[in-house]
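Here is what each chain is made of, one letter per residue.
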Amino acid sequence: MSQPRFTRLFARLDAALLLTLALCAFSLWPLLYRLGLPNGNDVLYHTFRAAEMSRSWEHGVPFPRWAESFYTGYGAPVFHYYASLSYYVTVVLMRLLNLDALNALRALIALAMLGSGAGMYWFARHASGRLGGVIAALAYVYSPYILFTEPYSRGAYPEMAAFALFPWVMALYGRLLQTGGAAAFGAAAFGSAALIITHNLMALVLTGLLVGWMLWSLLACGWRHRRAGMMPHLLALVAAASGVGLAAYFWLPVVLEGGEAHLNNLTAVSQLDYRNFFVPLDHLLAFSPRYDEGAANGLFHRFNLGVAQWLLALAGAVFTILALAVRRGFKTLGYPQKMVSSLKGLAQSRFLQPLQWAWFSGSQPALASGDAGRQYHSHALFFALAALAFIFLMLPEAGNVWGAARYLAFLQFPWRFLGPAAFCLAFLAGLNARWIERLPQRAGAAVAALLVLAIIGLALPALYAPEWTNTSVDTSVAAYHREELTGRQRATTFSNEYLPAAVKVEPGPTPRLLEDYADGYPVNKAHLEALPDGVTVVVLEHGPQHDVWRIAAPAPFTLEVLTFDFAGWAAAVDGQPVDITPSDPHGLITFPVPAGEHTVRLELGSTPPRALGNAISLGALLEVAAGTLILRQSRRGEPPVRPYTPPLQSALVSGLVLGGLLTLALLAAFMRPSIAWFDSPPGTAQAAQHQTAYQLGDRIQLLGYDLNGTTFRPGDRLELRLYWYAQDAIPYGYSSFVHVSTGGPPLAQADKLNPADRPTKEWTPDGYIRDDYTIILPSAMPPGTYQVFVGLYTCDTRPAGECGNGDRPPVTDADGNTIGDAVPLATVEVR
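Quick caveat: nothing in here was measured; it's all calculated off a predicted structure. (Residues numbered from 1 in each chain as written. Predicted model: local features only at pLDDT ≥ 70, side-chain atom pairs only at ≥ 80, totals over all residues. Heavy atoms only, no water.)

A. Just the packing of helix α13 (residues 248–256) against helix α26 (residues 608–634), in detail. The interhelical angle for the contact between α13 and α26, taken along N-to-C directions, is 150°, at an axis separation of 7 Å. Of the possible angle classes, the one that applies to α13 and α26 is roughly antiparallel. As for the relative orientation of α13 and α26, their crossing is right-handed in sense. Of the residues in α26, those touching α13 at Ala248, Tyr249, Leu252, Pro253 and Leu256 are Pro609, Arg610, Leu612, Gly613, Asn614, Ile616 and Ser617. Here the contact of α13 with α26 is composed, by residue class, of eight nonpolar, three polar and one charged. (Axes fitted to C-alpha atoms, helices over the stretch in contact; angles between N-to-C directions. Helix = DSSP H or I, 4+ residues; strand = E, 2+ residues; numbered from the N terminus. Parallel < 35°, antiparallel > 145°, perpendicular 65-115°, else oblique. Left-handed = near helix turned anticlockwise from the far one by under 90°. Contact = heavy atoms within 4.5 Å. Nonpolar A, V, L, I, M, F, W, Y, C, P; charged D, E, K, R; others polar.)

B. Just the packing of aromatic side chains, in detail. Across all of its chains, the model carries 45 aromatic pairs by this definition. Consider the rings of tryptophan 29 and tyrosine 33, whose centres lie 5.2 Å apart with planes at 25°: the pair is stacked. The exposure class of tyrosine 33 is partly exposed, given its relative accessible area of 30%. Consider the rings of phenylalanine 123 and phenylalanine 427, whose centres lie 5.6 Å apart with planes at 40°: the pair is tilted. Of this pair, phenylalanine 123 sits in helix α7 (residues 101–141) while phenylalanine 427 sits in helix α21 (residues 418–430), and the two are 304 residues apart along the sequence. What makes phenylalanine 123 buried here is its relative accessible area of 6%. (Phe/Tyr/Trp six-rings, centres within 6.5 Å; stacked < 30°, edge-to-face > 60°. Buried < 20%, exposed > 50% of the residue type's maximum accessible area, 1.4 Å probe, protein only.)

C. Region of the structure containing the nonpolar core. In terms of nonpolar packing, the biggest core is built from 206 residues, with Tyr173, Trp213, Phe383, Trp549, Leu559 and Phe591 touching the most fellow members. In terms of residues, this core owes the most to one element, α7, which gives 25 residues. With 35 residues, the next largest nonpolar core counts Leu707, Leu777, Val788 and Val828 among its residues. (Core = buried A, V, L, I, M, F, W, Y, C linked by side-chain atoms within 4.5 Å.)

D. Expanded view of the confidence of the model for the protein. This prediction gives the protein a mean pLDDT of 90; 91% of its residues lie at or above 70. Contacts for the low-pLDDT stretch residues 330–335, under 50 throughout, to residues beyond four places or in other chains number 13 contacts. Counted against residues more than four places away or in other chains, residues 357–373, with its pLDDT under 50, gives 34 contacts. (pLDDT = per-residue confidence, 0-100.)

E. The arrangement of the pattern of salt bridges in detail. If you walk through the whole model with that rule in mind, you get 25 salt bridges. Residues glutamate 719 and arginine 717 are paired through a salt bridge, measuring 3.3 Å at the closest nitrogen-oxygen approach. When its relative accessible area of 15% is taken as the criterion, glutamate 719 is described as buried. Overlapping salt bridges bring together Glu150, Arg154, Glu159 and Arg416 as one network. (Salt bridge = Lys/Arg side-chain N within 4 Å of Asp/Glu carboxyl O.)

F. Region of interest: the sheet that holds strand β11 (residues 690–696). Strand order across the open sheet formed by six strands is β17-β14-β12-β11-β19-β20, with antiparallel pairing between neighbours. At either end of the open sheet lies a strand with only one pairing partner, and these are β17 (769–776) and β20 (818–820). (Pairing = 2+ DSSP bridges.)

G. Molecular detail of the sheet that holds strand β5 (residues 569–573). Taken together, five strands build an open sheet; the order of strands is β2-β3-β9-β5-β6 and the sheet is antiparallel. Of all strands in the sheet, those bounded by a partner on one side alone are β2 (536–543) and β6 (576–578). Strand after strand, the sheet turns through a mean of 25° between neighbouring axes, direction not considered. Here β5 runs beside strand β9 (residues 596–604); their pairing, made up of five bridges, is antiparallel.

H. Broad picture of helix α2 (residues 15–24). Burial in α2 covers these residues: Ala16, Leu19, Thr20, Leu23 and Cys24. Axial view of α2: buried residues confined to an arc of 130°, hence all on one face. Where α2 is buried, its residues meet α7, α23 (441–457) and α27 (650–670). Between a side-chain oxygen at the N-terminus of α2 and the backbone nitrogen of alanine 16 the separation is 3.0 Å; the capping residue is aspartate 14. (Arc of directions from axis to C-beta. Polar contact = N/O pair within 3.5 Å; in protein donor to acceptor, adjacent residues only side chain to side chain.)

I. A look at the state of the cysteines. Following the criterion strictly, the structure yields one disulfide and no others. Between cysteine 24, a cysteine without a disulfide, and cysteine 424, which holds the nearest cysteine sulfur, the sulfur-to-sulfur distance is 18 Å. For cysteine 24, a relative accessible area of 0% translates into the label buried. (Disulfide = S-S within 2.5 Å.)

J. Spotlight on a nonpolar patch on the surface. A surface patch of nonpolar side chains, amounting to about 390 Å² of accessible area, comprises Phe190, Leu618, Leu621 and Leu622. Per element, the largest residue contribution to the nonpolar patch is three residues, and it comes from α26. Along the chain, phenylalanine 190 turns up in helix α10 (residues 182–196). For phenylalanine 190, a relative accessible area of 43% gives the class partly exposed. (Patch = residues over 30% accessible without salt bridge, like charges linked within 9 Å, V, L, I, M, F, W, Y side chains within 5 Å. Areas by Shrake-Rupley, 256 points an atom, 1.4 Å probe, with all protein chains shown as cover.)

K. Main features of α7. Between its first and last C-alpha, α7 extends only 24 Å over 41 residues, short of the 60 Å set by a 1.5 Å rise per residue. Along α7, the helix axis deviates most sharply at serine 128, where the bend reaches about 140°. (Expected span 1.5 Å × (residues − 1). Bend = angle between axes of the 7 residues up to and from the residue.)

L. Spatial organisation of the side chain of asparagine 297. Tracing the chain through its elements places asparagine 297 in the loop between β1 (291–292) and α16 (307–328). Those residues in contact with asparagine 297, other than ones at most four positions away along the chain, are Glu467, Ala756, Arg758, Tyr768, Ile769 and Arg770.

Have a look at this one:
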């Protein structure tokens, strides 16, 4: 009896999906051979936030808005403003797998990698078949931004989770458009809501991409078919609107209470100015470089699309255009006559004859005919245009667009569009399956194997991450406060955007409060050191978002609580509300307490925006439930619509398996020192394009530099990378400068308070320091020959307040000759 059930279960398994998961498993290599996580920009931020969320759960607050231990115990509304689904998932993993926060984030990365592949496969297979789903999944997972930058060099786990969830959301809406079913409607709505509460900024971008795709799909239906296709598209748009409503409990208070915190810091801080983060086209199209273990700060972001990704996307788009042109006739597409002649000649060329035969011979699958065929081609065009738009928005040439669309500035980094671009390119890459499946079996299997080898093989340099320093992290409150006191983890933010608006000047830490948190619950948040004589305060309850005291006072007084004031905090004395006044200038909660013995309660509660958001979410929930029920009732008696995708040919399965085995062999041969990465000995920088031997003072060397050219035009970007080396501990804090001049005052320059954003007092002889500069040459810069000068200066050698231009260390060349106080690094021509 068990054998037939097992056989039926096995028969329902999707072999192509299992192959996809197996091939995506190579992406887990960085997690398999080392413990912990690297020193990514936000790794510790999210580790400590996950630990804070876990503590809230332990104390009965499953959906906190307040992080009570942040800002040395004064608290911050981090979870009020920052989408928190990834933290919920991380805490669930901590509970289910008995993990600490750091290892739960490792598990989250693994889920995101495999989930991204499975979701992309599910979405793409309905347009490109199962082989197309596999190709699209691999192209997505192994794109450098998804594979490396998000989980390792950035450590941006909420954004990573959004990119993992998005293919599933697209697949749910794709199914809703195909079937119009009740289950698909409800799942799509909840999918949209989940995306919104995963990452604030990417939710806007990805939801826009989703809605744009649905509207495009509707417009792409021929006029005769538009009425028939209207209902599924209308359902999909209603589902999207319902998803926005379901998430209103989160986003509406963020919008309406944005003024309650310093959110303007997201764009006011110069280090987050979008103008500094455009990516030139040659960088986007470049191969992934190898890392140098000899660099002290060798972990850097990968801002490239992936060569395999953009080449396969280009091939998929080109062959789709040719297929559409040959099938429908060039002239009917409305192309100009010259383009018609070019396309016709290309389609009939000897080079493309084999692929032309492969594409158009034999029977066509069901999804390539009729409405499905029209949808297939329209989807290809949509994602091609979307990919081009995302790529353009990352280029320096898009600066005027960013300046005109002022809300784009909240994205901070134009290279954030690498994620949406990776999705679009992956879909286009999957289109290649339509001609591969029509090749002779052996040829098709060989091409499938080579594609697997190319996509994963070109991504192998991204499977090694240097600076893997966070092998374990103490996430206790006491350890976190120690981090805050050093200035490294202030409320897990860089720009203080979650500091409540009531705080004009941050108060210093309160030692007694720090000790109370270190001892564990309960914590007495009353400012005991400021109590009038004769007042006693006894803690009855303390939680992440509330406090209860028994207070005895011989006379009325004002109680100060060591918690920042924020919208929603409410105080009551013996159940009677009292007004809260933030202290000036520290913004701490204060309220009056009358004489006598009282029970005093302080709690973070609701506000009108939160109540409205909750009501909208509840209404949306009821609407989704009602819509699902109505759809189910209207379809009663009708057979369920199950879109059919032909199974993967056995020869192609063999080809994919062969590609996986070849990749495994390549991984074993490649992932070792001097191949996957190299290791410059101390005092050298093998990665430098130009080697130098300049000495600055008696402890700092300039080992080399990279320069993106020697000939420029006014307005061009001059990109310079310096390779510093500290021969011994450096007693002074040096700042750096790069000047472009003819020997006089600089016509263009860049300065840094700390070279490579790392104080020179922290440099060690263990490895060199990579230091990047981008200088926009003035648009009115006269033509001529210019010298690039580099140097250091410090104020530590002068009395306080008398720095002036600082003191520069003398510079000597390789022969020991003193050449001044600046390095004449390179000569450039401006034409």
